[in-house]
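Chain and residue survey
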Amino acid sequence: MKKHDRQSIISLPMRQRACWNRRTFVKSLGTIAAASALLGYDVIPAAAEPPPETTKLRLVHAPAICLAPQYVARVLLQQEGFTDIQYIEVNSTTPERPVASGEADISMSAAPALVAAIDASDSLLVLAGVHLGCYELFGTGGVRAVRDLKGKTVAVSAMGSAEHVFLSSMAAYVGLDPRRDINWVVHASSDAMGLLAEAKIDAYLAFPPEPQELRANKVAYVVVNTATDKPWSQYFCCMLAGNREFVRKNPVATKRVVRAFLKAADLCAEKPEWVARFIVDKGFTKNYEYALETLKDVSYNAWRTYDPDSTIRFHALRLYEAGMIKSNPQKIIARGTDWRCLNELKNELKA
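1. Considering unusual backbone geometry
Cis geometry is found at the peptide bond from Pro208 to Pro209, where omega equals 10 degrees. Turning to its location among the elements, Pro209 is positioned in the loop between strand S8 (203-206) and helix H10 (210-216). The omega angle of the peptide bond from Lys230 to Pro231 is 0 degrees, so this bond is cis rather than trans. As for its position among the elements, Pro231 is in the loop between strand S9 (221-225) and strand S10 (238-243). Here Lys218, not a glycine, exhibits a phi torsion of approximately 55 degrees, which is positive. Residue placement: Lys218 occurs in the loop between H10 and S9. For Ala220, which is not glycine, the phi dihedral falls at a positive 55 degrees.

Right, dumping it as structure tokens:
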């Protein structure tokens, strides 16, 4: 894939990315409504449920295929009563930060990054787990396992980015000190993949569509696949988090948002071909084959069976032991999680 292809989501005009014309939107609404019906969902939520306290919702636009539920949810959110749905442009590696700052209301983000954000701020609440299995660690000849990262050079898009915190949790799990044992270097993702191909760095933690591109071009090899390799395959990769003040002021709206995201995740699991075409047609990603591969590999129905509490506890313990956060797992869970909507919706959606 050429460099301009890799950057297609970022370079796409905002109007094309975030806004659809009325005809396209109505057509999409009907298509998703039909898809929802095929999964056994009511198109319109129960009439007895109060309307949302606000009809405005600000989501995060982050160019990653694995966040497909965040884009499919747009039309489902319309069904839930939201009429002003905006996508806020942010750095793709830190979608939790605009939620914490109040710039956005709700977003999916990587679980370890959410743990770090909760430790740093009181303004985030994790509301649900969504899926597992999108990150893959690629290495060159000297890296065959996570423990081999000791003394090696690893590229990240930024210190404190999702991939930096996630890989730090991985390193801590095998007894490494991520602050001292790894030589972190900062590079844009496109540059990092080029450096990996030239063996100028030793490892890189990639997320879709990067793993698909690296495999297609036979760059390095997979050291860890979080979709299949334990313990990572036992925990959520990405979770849904909201701004605490938004959740406090808008409990009905929050539940409706969570419901839309969980339905969207089910659509990703049950109809990957349709969702892949949808996110390509709407400009959220460019390569259909990479999108379809991601949607088939990532476990989007994990929210029905996996325990979100255990995911937060697992990563919080790793990061706490590594000295990367100050709060212990119990404090992180008490301070930054709220599973009430999820538990209600599991009954409603027959999880």
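2. Focus on the pattern of salt bridges
Per the stated rule, a full pass over the model turns up 22 salt bridges. Here Arg179 and Asp177 are joined by a salt bridge, their closest N and O atoms 3.6 Å apart. Members of the salt-bridge network, linked through shared partners, are Glu49, Glu80, Lys255, Arg256, Arg259, Glu344 and Glu348.

3. Remarks on empty space enclosed by the protein
For the structure shown, the criterion picks out two cavities of 30 Å³ or more. What the second largest cavity holds in volume is close to 60 Å³. Together, Gly133, Cys134, Glu136, Pro208, Gln212, Asn225, Ala227, Thr294, Asp297 and Val298 line the second largest cavity. Taken together, the residues that form the lining of the second largest cavity break down as four nonpolar, four polar and two charged.

4. A short note on helix H17 (residues 340-348)
Among the residues making up H17, those that are buried are Cys341, Leu342, Leu345 and Lys346. For H17, the arc enclosing every buried residue in end-on projection is 135 degrees, short of the 170-degree limit, so these residues lie on one face. Exposed and facing more than 90 degrees away from the buried side of H17 are Arg340 and Asn347. Turning to H17, the residues buried within the fold contact strand S4 (124-131), helix H12 (251-270) and helix H15 (308-321).

5. Some remarks on the packing of helix H7 (residues 111-120) against H15
Axes are the key here: two packed helices are described by the angle between their axes and the distance separating the axes. Packing of H7 against H15 leaves a shortest axis separation of 9 Å and a crossing angle of 65 degrees. Regarding the angle of H7 to H15, the classification is roughly perpendicular. In the crossing of H7 with H15, the sense of the turn from one axis to the other is right-handed. Contact residues: Ala111, Pro112 and Val115 in H7; Thr311, Ile312, His315, Ala316 and Leu319 in H15. For the contact of H7 with H15, a count of residues per class yields six nonpolar, two polar and no charged.

What counts and what doesn't
- Residues numbered from 1 in each chain as written.
- Predicted model: local features only at pLDDT ≥ 70, side-chain atom pairs only at ≥ 80, totals over all residues.
- Heavy atoms only, no water.
- Helix = DSSP H or I, 4+ residues; strand = E, 2+ residues; numbered from the N terminus.
- Salt bridge = Lys/Arg side-chain N within 4 Å of Asp/Glu carboxyl O.
- 1 Å grid on protein atoms, 1.4 Å probe; cavity = no way out; pocket = protein on both sides within 12 Å on 5 of 7 lines; lining within 4 Å.
- Points joined across faces, edges and corners; volume = space filled by probe spheres on them.
- Nonpolar A, V, L, I, M, F, W, Y, C, P; charged D, E, K, R; others polar.
- Buried < 20%, exposed > 50% of the residue type's maximum accessible area, 1.4 Å probe, protein only.
- Arc of directions from axis to C-beta.
- Contact = heavy atoms within 4.5 Å.
- Axes fitted to C-alpha atoms, helices over the stretch in contact; angles between N-to-C directions.
- Parallel < 35°, antiparallel > 145°, perpendicular 65-115°, else oblique.
- Left-handed = near helix turned anticlockwise from the far one by under 90°.

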